[in-house]
Amino acid sequence: MPILKETTLIIASSIGLIALFSIFEVFSRKYRWNPEEMRRVAHIFGALFGVGIGIYFSKTIFVVAAVSFIGLMAFSRRKHIFNHIHRVSRKTYGEELLPLGLLSAYLISNADPQIFVPAFLITGISDPISGFVMNKTQNRLLSFLFFVESSVALLLIFTPLNLLIILGVALFVGIVEQLFTYGTDNLMVPIAVAVILLKIL
């Protein structure tokens, strides 16, 4: 893809994601939506955005986009721009660590979609599902099981691994997700998935 066209598309895509976050922010403030739930929705869209950029754009563009979103999230936290992402009851640095985690997984995978796509989706889908279950039930075991089950489903879809290996990977990553707190799971989960898949694929 020509660099000018690629640059134009990534700018347009980034503006689109920021516009979506802005819409979430407006409605969140107007209707007092739960920041915990809105944060998870933004989490999902952020990971899906990462998948799209990773697949369709060059490595340089992906790195620039990821670093830019780390800076955007840090600036937003400081200036209270996207409160639907930042204003949660617990202390967390997950907003900044999510793009850093995706960037790390992408670089570890050497831009191989067979590795980074499952890493991004487990981080972007399984983790919010787990958090939602934990928030509603306060049951850590049930939250863990939902994380593992959704991770197994994603690995079955996006990797050629057999079910036994997939279950082992999902269990290990689920333990990682439970061990790391303050949003550091957003960094460590994609790294763990990428490293494991790099070794076994």
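In the block above lies the structure referred to throughout.
These lines cover the structure that appears in this document, whether it is placed above or below. (Residues numbered from 1 in each chain as written. Predicted model: local features only at pLDDT ≥ 70, side-chain atom pairs only at ≥ 80, totals over all residues. Heavy atoms only, no water.)

### Re helix 6 (residues 113–137)
Turning to step 1, where the next piece is worked out: Taking 1.5 Å per residue as the helical rise, helix 6 with its 25 residues ought to reach 36 Å, and the 34 Å between its terminal C-alpha atoms agrees with that figure.
Turning to step 2, where the next piece is worked out: At isoleucine 122, helix 6 shows its largest bend, some 30°.
Turning to step 3, where the next piece is worked out: Residue aspartate 112 occupies the N-cap position of helix 6, its side-chain oxygen lying 3.0 Å from the main-chain nitrogen of glutamine 114.
Turning to step 4, where the next piece is worked out: At the C-terminal side of helix 6, glutamine 138 shows a positive phi close to 60°. (Helix = DSSP H or I, 4+ residues; strand = E, 2+ residues; numbered from the N terminus. Expected span 1.5 Å × (residues − 1). Bend = angle between axes of the 7 residues up to and from the residue. Polar contact = N/O pair within 3.5 Å; in protein donor to acceptor, adjacent residues only side chain to side chain.)

### Focus on the packing of aromatic side chains
Turning to step 1, where the next piece is worked out: Across all of its chains, the model carries 7 aromatic pairs by this definition.
Turning to step 2, where the next piece is worked out: With 3.9 Å between their ring centres and 20° between their planes, phenylalanine 62 and tyrosine 106 make a pair best called stacked. Of this pair, phenylalanine 62 sits in helix 3 (residues 59–79) while tyrosine 106 sits in helix 5 (residues 94–108); the two residues are 44 residues apart in sequence, bridging distant segments of the chain. Across the pair, exposure class does not vary: phenylalanine 62 and tyrosine 106 are buried alike.
Turning to step 3, where the next piece is worked out: Through a chain of ring-to-ring contacts, the aromatic side chains of Phe62, Tyr106, Phe116 and Phe120 assemble into a single cluster. (Phe/Tyr/Trp six-rings, centres within 6.5 Å; stacked < 30°, edge-to-face > 60°. Buried < 20%, exposed > 50% of the residue type's maximum accessible area, 1.4 Å probe, protein only.)

### Looking at helix 5
Turning to step 1, where the next piece is worked out: Spanning 15 residues, helix 5 covers 20 Å between terminal C-alpha atoms, matching the ideal 21 Å at 1.5 Å per step.
Turning to step 2, where the next piece is worked out: The element helix 5 is largely enclosed, with a buried count of 12 among its 15 residues.
Turning to step 3, where the next piece is worked out: Along helix 5, the residues that are buried comprise Gly94, Glu95, Glu96, Leu97, Leu98, Pro99, Gly101, Leu102, Leu103, Ser104, Ala105 and Tyr106.
Turning to step 4, where the next piece is worked out: Taken from the residues just after helix 5, asparagine 110 is the one with a positive phi, measuring 55°.

### Focus: the pattern of salt bridges
Turning to step 1, where the next piece is worked out: What the rule picks out here adds up to 3 salt bridges.
Turning to step 2, where the next piece is worked out: Among the salt bridges present, the one from arginine 29 reaches glutamate 25, with a minimum N-O distance of 2.4 Å. One end of the pair is arginine 29 and the other is glutamate 25, both in helix 1 (residues 3–31) and 4 residues apart, which spans about a single turn.
Turning to step 3, where the next piece is worked out: In this structure arginine 29 comes out as partly exposed when scored by relative accessible area, which is 48%.
Turning to step 4, where the next piece is worked out: Bridged by salt links that share partners, the residues Arg77, Glu95 and Glu96 form one connected network. (Salt bridge = Lys/Arg side-chain N within 4 Å of Asp/Glu carboxyl O.)

### What to know about the nonpolar core
Turning to step 1, where the next piece is worked out: With 47 residues, the main nonpolar core has Phe120, Ile122 and Val173 as its most contacted residues.
Turning to step 2, where the next piece is worked out: Counting only elements with at least two residues in this core, the list comes to helix 1, helix 2 (35–56), helix 3, helix 5, helix 6, helix 7 (140–158), helix 8 (163–179) and helix 9 (185–200).
Turning to step 3, where the next piece is worked out: Beyond its immediate chain neighbours, meaning those up to four positions away, valine 173 contacts Ile122, Phe147, Val189, Val193 and Ile196. (Core = buried A, V, L, I, M, F, W, Y, C linked by side-chain atoms within 4.5 Å. Contact = heavy atoms within 4.5 Å.)

### Some thoughts on the packing of helix 6 against helix 7
Turning to step 1, where the next piece is worked out: At their nearest, the axes of helix 6 and helix 7 sit 8 Å apart, and the two run at 155° to each other. Classified by the angle between their axes, helix 6 and helix 7 sit roughly antiparallel to one another. Two packed elements cross with a definite hand, and for helix 6 against helix 7 that hand is right-handed.
Turning to step 2, where the next piece is worked out: By residue class, the composition of the contact of helix 6 with helix 7 is 14 nonpolar, 7 polar and 2 charged. (Axes fitted to C-alpha atoms, helices over the stretch in contact; angles between N-to-C directions. Parallel < 35°, antiparallel > 145°, perpendicular 65-115°, else oblique. Left-handed = near helix turned anticlockwise from the far one by under 90°. Nonpolar A, V, L, I, M, F, W, Y, C, P; charged D, E, K, R; others polar.)

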